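The chain contents come next:
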Amino acid sequence: MKKDVRKAVIAGNWKMNKTRPEAKALIEEMKPLVANAGCEVVACVPFTNLETVLEAAKGSNIKVGAQNCHFEKSGAFTGEISADMLVEMGVEYVIIGHSERRQYFGETDETVNKRTKAALAAGLKVILCVGEMLADRENGITDELVAMQTKIALKNVSAEELKNVIIAYEPVWAIGTGKTATAEQANEVCAVIRATIKALYGCEAAEGITIQYGGSMNAKNAAELVAQPDVDGGLIGGASLKAPDFAVIVDAATKG
Ligand code: 13P
């Protein structure tokens, strides 16, 4: 597989952090530090920060994303946000199927598929998250599980739509725990995901799709992770809230 045909993407997932003034300050601090990035840089921020961050990031190379969207276009879904609402604001990316949504908010492979399709239909770029729990890894079913999550999430997604999909491999046991997958483990599962894409969409799609690693990626371990042949960047939680650390990760992905 040729890594140089793909663009690395470093995306920050701010999760439920930062008020609007804090969000503005973080983007302002980040802008000069990532201005020369040789990879795509994305900040996925809470809904309440989208307008502020879109404004603060204007004219910079920082793209803006949300962390979820609903699958219906509109209607009686209290507390939800539609893909069209995000597009209208100028949001470019959305994270779908994050393990915290799956664990705490009843997200299933089926709803991940519905949200993915709705986001793509609205014109958003999707960062689709898959990954195993510790018990799955211990039971030796990581590869099968991640392949299944990928397959179901992409049901009825066309090859053309797939061009707007990034897949993030995030082992649940590595998220927020400081316990990173080894570079070899990360690469191995990213390669399984790529093989799944190849089986579904063919060689060209598999070679072109960006597959990120996420889970305790930080300024210290990023270089080794993103240097792996099947790892095309990262989805960063905690370290994306510190501009200097995030910038080091962006530099690591720029060097590839
Ligand atoms: P941490 O980098 O904090 O482990 O979070 C990873 C993650 O869940 C990104 O979506």
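Just so you know, these numbers come straight off a predicted model, no measurement behind them.

Engineer: Quick rundown of the site of the ligand? Include the residues and the values.
Structural biologist: Close to the ligand lie Asn-13, Lys-15, His-98, Glu-170, Ala-174, Ile-175, Gly-176, Gly-215, Ser-216, Leu-235, Gly-237 and Gly-238. Burial of the ligand by the surrounding chains reaches 94%, relative to a free accessible area of 310 Å². Of the residues in the shell around the ligand, the class split is 3 nonpolar, 7 polar and 2 charged.

Engineer: Quick one: what's the story with the packing of aromatic side chains, residue by residue and with numbers?
Structural biologist: Each pair of aromatic rings is reported with the distance of its centres and the angle of its planes. Per the counting criterion, the structure on display carries 2 aromatic pairs. On the numbers, 6.5 Å between centres and 85 degrees between planes, the contact of Tyr-104 with Phe-105 is edge-to-face. There is no split in this pair, since Tyr-104 and Phe-105 are both exposed.

Engineer: So what's going on with the pattern of salt bridges? Which residues, and what values?
Structural biologist: Counted by the stated rule, this structure contains 16 salt bridges. Residues Lys-24 and Glu-28 are paired through a salt bridge, measuring 3.6 Å at the closest nitrogen-oxygen approach. Remark: Glu-28 and Lys-24 occur in helix H1 (residues 20–34); sequence separation between them is 4 residues, near one turn of the helix. Note on Glu-28: relative accessible area 34%, which makes it partly exposed. Where Glu-160 meets Lys-163, a salt bridge forms, and the shortest distance between an N and an O atom there is 3.0 Å. Each member of the pair, Glu-160 as well as Lys-163, carries the same accessibility label: exposed. Here the salt bridges do not stand alone but share partners, grouping Arg-6, Arg-194, Asp-230 and Asp-232 into one network.

Engineer: So what's going on with the pairing of strand S6 (residues 165–169)? Which residues, and what values?
Structural biologist: Of all 5 residues that make up S6, 5 are buried, and the element is covered over most of its length. What you see with S6 is no split at all: Val-165, Ile-167 and Tyr-169 on one side and Ile-166 and Ala-168 on the other are buried throughout. In this structure, strand S5 (residues 125–130) lies alongside S6, joined through 5 bridges in parallel fashion. Counterpart to Leu-128 in the pairing with S6 is Ile-167. In this sheet, strand S7 (residues 211–214) lies alongside S6 in parallel orientation, the contact comprising 3 bridges. Each residue of the ladder has a partner; that of Tyr-169, found in S7, is Tyr-213.

Engineer: Please set out unusual backbone geometry residue by residue, giving values where relevant.
Structural biologist: Phi is positive for Lys-15, close to 50 degrees, though the residue is something other than glycine. With respect to the helices and strands, Lys-15 occurs in the loop between strand S1 (9–13) and H1. We note that Asn-156 has phi near 65 degrees; this positive angle belongs to a residue other than glycine. Here Asn-156 is to be found in the loop between helix H7 (142–153) and helix H8 (159–162). The exposure class assigned to Asn-156 is exposed, which follows from its relative accessible area of 60%.

Engineer: Account for the sheet that holds strand S4 (residues 93–96), with residues named and values stated.
Structural biologist: Around the barrel, which closes on itself, the 8 strands sit in the order S1-S2-S3-S4-S5-S6-S7-S8 with parallel pairing between neighbours. Strand after strand, the sheet turns through a mean of 25 degrees between neighbouring axes, direction not considered. As paired elements, S1 and strand S2 (residues 40–44) share 5 bridges and run parallel to each other. Residue pairing in the sheet places Ile-10 in a bridge with Val-41 of S2. Of the strands in this sheet, S2 and strand S3 (62–66) touch H1, which is tilted by about 135 degrees from S3. Along the sheet, helix H9 (residues 183–201) contacts S5, S6 and S7; its crossing angle with S6, the most-contacted strand, is approximately 145 degrees.

Engineer: Mind laying out the pairing of S2, listing which residues take part and the relevant values?
Structural biologist: Most of S2 is tucked away, with 5 of its 5 residues classed as buried. A two-sided burial pattern is seen for S2, the buried positions comprising Glu-40, Val-42 and Cys-44 on one face and Val-41 and Ala-43 on the other. In the classification by handedness, the crossover that spans S1, the intervening H1 and the parallel S2 is right-handed. Taken together, the 4 bridges between S2 and S3 define a ladder with parallel strand orientation. Counterpart to Ala-43 in the pairing with S3 is Val-64. Following the backbone out of S2, through helix H2 (residues 50–57) and into the adjacent parallel S3, one traces a crossover that is right-handed.

Reading guide: rules and limits
Every chain begins its residue count from 1, and numbering advances along the sequence as written. Only residues with pLDDT of at least 70 get local features here, since the model is predicted, and only at 80 or more are side-chain atom pairs given and counted; chain-wide, interface and lining totals rely on the full set of residues. The side-chain values count all of the structure's non-hydrogen atoms but skip hydrogen atoms and water molecules. Residues are classed as near a molecule or strand on a simple rule: at least one heavy atom within 4 Å of it. Surface exposure here means Shrake-Rupley accessible area, sampled with a 1.4 Å probe, where a residue is shielded only by the protein chains that are shown. Here the term charged refers only to Asp, Glu, Lys and Arg, the term nonpolar to Ala, Val, Leu, Ile, Met, Phe, Trp, Tyr, Cys and Pro, and the term polar to all other amino acids, Gly among them. Pairing of aromatic rings covers Phe, Tyr and Trp, the last through its six-membered ring, and needs centres within 6.5 Å; plane angles under 30 degrees mean stacked, over 60 mean edge-to-face, and all others mean tilted. Each residue's exposure class comes from its accessible area (1.4 Å probe, protein chains only) as a fraction of the maximum for that residue type: buried when under 20%, exposed when over 50%, partly exposed otherwise. Salt bridge, as applied in this entry: a Lys or Arg side-chain nitrogen positioned within 4 Å of an Asp or Glu carboxyl oxygen. Only DSSP runs of H or I reaching four residues or more are called helices, and only runs of E reaching two or more are called strands; each is numbered from the N terminus. Strand pairing is assigned whenever DSSP detects at least two bridges linking the two strands. Interaxial angle, 0 to 180 degrees, is taken between N-to-C directions of lines fitted to C-alpha atoms, where a helix line uses only the stretch in contact. Two residues qualify as a contact provided that any one of their heavy atoms is within 4.5 Å of a heavy atom in the partner residue. When the strands point away from the viewer, a crossover counts as right-handed if the path from the first strand over the helix to the second runs clockwise.

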